[in-house]
Amino acid sequence: MRSAFSSKTARTGALMPNIGRLLACAALGLSLTACDTLSSLNPFEKDEKYKPELVPDVPAANLYNEGLALMAKNEYPDASKKFDQIDKTYPRSEWARKALIMKTYASYEGGEFSESVNDARRYLTLYPNGEDAAYAQYLLAMSYYREVPDVTRDQERTEKALAAFQELVERHPRSEYAEDAKFKLQVVRDQLAGKEMEIGRYYLQRRNYTGAINRFRDVVSKYQTTRHVEEALQRLTEAYLALGVVSEAQTAAAVLGHNFPDSPWYKDAYKLLQSGGHEPREDTGSWISRTFRGFTRSVGLGG
């Protein structure tokens, strides 16, 4: 009679050749026809077979050139995908750096401004001193700039464009993008001033003189070099006079006449004061007078 031990040993011994055979197959790389297949050993596998997807390694240079070719055909979304593939396949490489700035440009040209903002910010985070850092900052600012709305709408994108252009001028003053950034800074400042003027006029029409003064004050304090500053000074004359604050009304008109003597807005302010028996007279202690000390007119946009 065979013992339980001997029976167990016999069962174990019957399994060992199969295990050894599988290990031998794995070691020698034999085909599955020569060995037991994995699927035959998997009790859960039925009809579905796992087919590994083999993705060939494409050199980064090839992907980069393919991206450029797609951009030449104005196929910006596909070009962006090519550059993104480089970034994912060859991370932190020089090719990845170049691909990221090109992806930013492709997104921008394709009108995907939110995407180009994200790409530009990522470039500036990864390569703050990279050779294309100024260009990335410019694309960031331009992405905001392209979505600046009219003055009747919220100006969040305008404010972001202002900050981005300002940073470009400050960080890269000698870059090839600095001059254009300075011009566009004037444009976005004019836009923001226009928004303040619109709200100020709204308050003025409804005789909310304090609210109107606050808006016109922002234009005079923050956006002196815009085309709106002349009207802002005239509106300050009007609002202060309506409140009975004659000294400030006279100062606003005097500062307007001193800096913009030929302005039609000065003529209106002068007539308005005269109608109340007053003349322009500057109070050097007024915030208006202090704001304009050292002021140099450099308005770059036509009225």
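Refer to the structure above for everything that follows.
Residues numbered from 1 in each chain as written. Predicted model: local features only at pLDDT ≥ 70, side-chain atom pairs only at ≥ 80, totals over all residues. Heavy atoms only, no water.

Asks: Help me get a handle on the layout of surface pockets, residues and values and all.
Replies: Of the pockets and cavities examined, the largest pocket occupies roughly 190 Å³. Contributing to the lining of the largest pocket are 13 residues, with Gln155, Glu159, Leu192, Lys195 and Glu196 lying nearest its centre. For the lining of the largest pocket, the elements supplying multiple residues, two or more each, are helix H8 (156-171), helix H9 (178-205) and helix H10 (209-222). (1 Å grid on protein atoms, 1.4 Å probe; cavity = no way out; pocket = protein on both sides within 12 Å on 5 of 7 lines; lining within 4 Å. Points joined across faces, edges and corners; volume = space filled by probe spheres on them. Helix = DSSP H or I, 4+ residues; strand = E, 2+ residues; numbered from the N terminus.)

Asks: Explain the side chain of Glu248 residue by residue, including any values.
Replies: By secondary structure assignment, the location of Glu248 is in helix H12 (residues 246-259). No salt bridge is formed by the buried Glu248; its nearest oppositely charged neighbour, Arg217, is found at 6.2 Å. Only 3.3 Å separates the side chain of Glu248 from the side chain of Trp287, close enough to count as a polar contact. Those residues in contact with Glu248 that lie beyond four places of it in its chain are Tyr240, Ser286, Trp287 and Ile288. (Buried < 20%, exposed > 50% of the residue type's maximum accessible area, 1.4 Å probe, protein only. Lys, Arg positive; Asp, Glu negative; His and termini not counted. Salt bridge = Lys/Arg side-chain N within 4 Å of Asp/Glu carboxyl O. Polar contact = N/O pair within 3.5 Å; in protein donor to acceptor, adjacent residues only side chain to side chain. Contact = heavy atoms within 4.5 Å.)

Asks: Pulling in residues and values, what's your account of the environment of Val169?
Replies: Along the chain, the position of Val169 falls in helix H8. By relative accessible area, which is 15% here, Val169 ends up buried. Expressed as a C-alpha distance, the spacing of Val169 and Ala181, which sit 12 residues apart in the sequence, is 6.7 Å. Sequence-distant contacts of Val169, defined by excluding residues within four places in its chain, comprise Ala178, Ala181, Lys182 and Leu185.

Asks: Before we move on, can you summarise the pattern of salt bridges with the specific residues and values?
Replies: One pass over the structure, following the stated rule, counts 18 salt bridges. In this structure, Arg215 engages Glu196 in a salt bridge whose closest nitrogen and oxygen atoms are separated by 3.2 Å. Residue Arg215 is found in helix H10, and its partner Glu196 is found in helix H9; the two are separated by 19 residues along the sequence. For Arg215, a relative accessible area of 25% puts it in the partly exposed group. Between Glu231 and Arg235 there is a salt bridge whose closest N-O contact spans 3.1 Å. In this pair, Glu231 and Arg235 are both assigned in helix H11 (residues 229-243), four residues apart and thus about one turn of the helix distant. The exposure class assigned to Glu231 is buried, which follows from its relative accessible area of 8%.

Asks: Would you mind going over the nonpolar core in detail, with residue names and values included?
Replies: One broad trend across soluble globular proteins is that nonpolar side chains are buried collectively. By size, the foremost hydrophobic cluster in this structure holds 70 residues, and its most contacted members are Phe83, Phe165, Leu233, Leu236 and Ile288. In terms of residues, this core owes the most to one element, helix H7 (residues 133-145), which gives 10 residues. Residues contacting Leu233, with those up to four places away along its chain left out, are Val220, Ala252, Val255, Leu256, Phe260, Ile288 and Phe292. (Core = buried A, V, L, I, M, F, W, Y, C linked by side-chain atoms within 4.5 Å.)

Asks: Can you lay out unusual backbone geometry for me, pointing to particular residues and giving the numbers?
Replies: In this structure, Asn74 takes a positive phi of about 60° despite not being glycine. Here Asn74 lies in the loop between helix H3 (60-72) and helix H4 (76-89). Under the relative-accessibility criterion, Asn74 is labelled exposed at 54%. Located in the positive-phi region is Arg92, a residue other than glycine, with phi close to 60°. With respect to the helices and strands, Arg92 occurs in the loop between H4 and helix H5 (94-109).

Asks: With reference to specific residues and values, describe the side chain of Gln234.
Replies: Along the chain, Gln234 turns up in helix H11. With a relative accessible area of 6%, Gln234 lands in the buried category. Setting aside residues up to four positions removed in sequence, Gln234 forms contacts with Leu256, Trp265, Asp268, Ala269 and Leu272.

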